[in-house]
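One-letter residues, chain by chain:
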Amino acid sequence: MTKSSTQTIPEATDTPQHVVMIMDGNGRWATDRFLPRTAGHVRGVQSVRRVVEACGRKGVRYLTLFAFSSENWRRPQEEVSLLMRLFVQTLEKEVDKLEEQGVRLRVVGDLSAFEPRLQELIKAAEKRTEHNNTLHLTIAANYGGRWDILQATRQALRDLPELAAHPENFTESILAERLSMAWAPEPDLFIRTGGEQRISNFLIWQLAYTEMYFTSVYWPDFDANALEEAFAWYRGRERRFGRTSAQLAEKQS
Ligand code: FPP
């Protein structure tokens, strides 16, 4: 099981081990260029490729990207269909490259809502890359943080029905072990592009002690330099995990 930031103090490293990203601003990038919003998503795939490669080079171990939230179904049907097609095409095209780069791909979220072909492609891509260990790339699709907490709670009650009579025995780890990314360490760095400053129901449990970085750069323009800027900002953060600055200084001396 991975360490919980509220139970033990994780080791802080210069390079974030787990980076999570909300890839926002595709629509505005396109609108600014008098293009349909969908053109922004197409360009967004190129940014995904660049960021995966750059994170691999920088020694990031886990990269998690929010590709489609449980709430994104509310978008116009045409845009949802284009996004689904992009997932299919990207999976078909990119899996060989991921394999070569030693990237392990996983997709988390309620995948039952996706068409069967997409579900099969996801399963095949996960299987094909399951022995890789250089970079763990996770795509969150039809994902919502509240959905995740709920599904983990339901699973815990199924596995341990005696908890209903003794709720005081329900611990943080019983729940955390059943979250859909239980195998990953908690995120060190959260990056949201596109200027908005909110979490949008992303990994709400796991973000408890994550450093939050917001940039106005639109996702299609987010490149290796923009990533380095975020990492430089991260290196300047003092990760106290509830302690005081004086305690940290004492530990380092
Ligand atoms: C947010 O921008 C972006 C999304 C909802 C989709 C993200 C998808 C991609 C980057 C492409 C596909 C990804 C993979 C992994 C194959 P927005 O549309 O909300 O932009 P706006 O805020 O400017 O309208």
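Residues numbered from 1 in each chain as written. Predicted model: local features only at pLDDT ≥ 70, side-chain atom pairs only at ≥ 80, totals over all residues. Heavy atoms only, no water.

Where an unreviewed UniProt entry is consulted, the chain appears under the name Isoprenyl transferase, with the organism given as Neopusillimonas maritima. As recorded by UniProt, the Subunit (unreviewed entry) comment attached to the chain reads in full: "Homodimer." One UniProt comment on the chain, placed under Function (unreviewed entry), says "Catalyzes the condensation of isopentenyl diphosphate (IPP) with allylic pyrophosphates generating different type of terpenoids." (UniProt positions renumbered as here; feature names shortened; annotations may be inferred.)

Turning next to the site of the ligand. The immediate surroundings of the ligand are formed by 17 residues, with D24, G27, R28, R37 and R75 found nearest. Within the side chain of D24, an N or O atom sits 2.9 Å from an oxygen atom of the ligand. The contact in question runs from an oxygen atom of the ligand to an N or O atom on the backbone of R28, over 2.7 Å. Against a free-state accessible area of 630 Å², the protein chains account for coverage of 91% of the ligand. Most atoms of the ligand, that is more than half of them, are within 2 Å of grid points of the largest pocket. Only α1 (26–32), α2 (37–58) and α3 (77–100) provide two or more residues apiece to the shell around the ligand. Here the residues of the shell around the ligand are counted per class, giving seven nonpolar, six polar and four charged. (Near = heavy atom within 4 Å. Polar contact = N/O pair within 3.5 Å; in protein donor to acceptor, adjacent residues only side chain to side chain. Areas by Shrake-Rupley, 256 points an atom, 1.4 Å probe, with all protein chains shown as cover. 1 Å grid on protein atoms, 1.4 Å probe; cavity = no way out; pocket = protein on both sides within 12 Å on 5 of 7 lines; lining within 4 Å. Sits in = over half its atoms within 2 Å of the grid points. Helix = DSSP H or I, 4+ residues; strand = E, 2+ residues; numbered from the N terminus. Nonpolar A, V, L, I, M, F, W, Y, C, P; charged D, E, K, R; others polar.)

Moving on, we come to the nonpolar core. Counting 44 residues, the largest nonpolar core has M21, L63, L137 and I191 as its most contacted members. Among the elements that line this core, the one with the most residues is α3, at eight residues. The contacts of M21, once residues within four sequence positions are left out, are V51, L63, T64, L65, F66, I191, F202, W219, F222 and L227. Within the second largest apolar cluster, 13 residues are counted, among which are I22, F66, F190 and F202. (Core = buried A, V, L, I, M, F, W, Y, C linked by side-chain atoms within 4.5 Å. Buried < 20%, exposed > 50% of the residue type's maximum accessible area, 1.4 Å probe, protein only. Contact = heavy atoms within 4.5 Å.)

Under the definition given, this model contains one cavity of 30 Å³ or more. Lining the largest cavity are 18 residues, with T2, M181, A184, E186 and Q206 sitting closest to its centre. Counted by class, the lining of the largest cavity contains ten nonpolar, four polar and four charged residues. (Points joined across faces, edges and corners; volume = space filled by probe spheres on them.)

Attention now goes to the layout of surface pockets. Looking at the largest pocket, its volume works out to about 1000 Å³. Around the largest pocket sit 43 residues that line it, and M23, F66, A67, F68 and F87 are the ones nearest its centre. Sorting the residues of the lining of the largest pocket by element identifies α1, α2, β2 (62–69), α3, β3 (103–108), α4 (116–128) and β4 (135–143) as the ones contributing at least two each. Class assignment for the residues of the lining of the largest pocket results in 21 nonpolar, ten polar and twelve charged.

A separate point is the UniProt feature "binding site: Mg(2+)" (unreviewed entry) in the chain. The UniProt entry lists D24 and E211 under the feature "binding site: Mg(2+)" (unreviewed entry), expressed in the numbering used here. Residues from the named set that contribute to the lining of the largest pocket are D24. Among the secondary structure elements, D24 is positioned in the loop between β1 (18–22) and α1. Not counting residues up to four positions away in its chain, the partners in contact with D24 are R192, T193, G194, E196, V217, Y218 and W219. One polar contact links D24 to R28, side chain to side chain, over a distance of 3.5 Å. Summarising the element assignment, E211 is placed in strand β6 (residues 211–214). Looking at E211, the relative accessible area reads 12%, which means it is buried. Every residue in contact with E211, bar those within four places of it in the chain, is listed here: D188, L189, F190, W233, Y234, R237, E238 and R239.

What follows covers the sheet that holds strand β5 (residues 189–192). Read from one edge of the open sheet, six strands run β3-β4-β2-β1-β5-β6, paired in parallel fashion. With one partner strand each, in any of the chains shown, β3 and β6 form the two edges of the open sheet. Across the sheet, the mean angle separating the axes of adjacent strands is 20° when strand polarity is ignored. One ladder, built from four bridges, connects β1 with β5; its direction is parallel. Within the sheet, the bridge partner assigned to I22 lies in β5 and is R192. (Pairing = 2+ DSSP bridges. Axes fitted to C-alpha atoms, helices over the stretch in contact; angles between N-to-C directions.)

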